[in-house]
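# Report on the structure
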Amino acid sequence: MKNDKVLSLIGLATKAGRVVSGEFATEKEVKCGKAFLVMLALDASENTKKKFRNMCEFYEVPIYFYGDKDLLGHAMGKEFRASLAVLDEGFAKSIRKHLETKADTNA
């Protein structure tokens, strides 16, 4: 795996205790208003993607689709993870900045 800044930031945020993962925990934090960013694996089911897309739109939480379940889980030091929520505004801003610059260079 190449040095990926987005995944590194997810790992740091996880170590700081500012990330939750898994469908139930992610949904709970979005609905409580504690999530600043939601990330879903590209290989998550279409049903999961639709559910989180609609929820994040309703609660006005930015959502990004990135990597696969294995990659997101590995970044957190866990096994497969289809969804995660970042609970820290600083980490969320940094991750978004890197995701958006990556999208600009890929366009």
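These notes cover the structure that comes with them. Quick caveat: nothing in here was measured; it's all calculated off a predicted structure.

## Overview of the overall build of the protein
Secondary structure assignment for the protein yields five helices and four strands. Listed N to C, the secondary structure of the protein is α-β-α-β-α-β-α-β-α in terms of helices and strands. Here the C-alpha atoms of the protein give a radius of gyration of 13 Å, agreeing with the 13 Å that 2.2 N^0.38 yields for 107 residues. Counting over 107 residues, the protein shows a buried share of 42%. The contacts in the protein between residues at least 6 apart in sequence include a share of 78% that link residues at least 24 apart. The distance from the centre of the 18 positive side-chain charges to the centre of the 15 negative ones in the protein is 3 Å.

## Focus: helix H1 (residues 5-15)
The set of residues buried in H1 consists of Val6, Leu7, Leu9, Ile10, Gly11, Ala13 and Thr14. In the stretch just after H1, glycine 17 is the one whose phi turns positive, near 75°.

What counts, and at which threshold
Residues numbered from 1 in each chain as written. Predicted model: local features only at pLDDT ≥ 70, side-chain atom pairs only at ≥ 80, totals over all residues. Heavy atoms only, no water. Helix = DSSP H or I, 4+ residues; strand = E, 2+ residues; numbered from the N terminus. Rg over C-alpha atoms; globule rule 2.2 N^0.38 Å. Buried < 20%, exposed > 50% of the residue type's maximum accessible area, 1.4 Å probe, protein only. Contact = heavy atoms within 4.5 Å. Lys, Arg positive; Asp, Glu negative; His and termini not counted. Charge placed at Lys NZ, Arg CZ, Asp CG, Glu CD.

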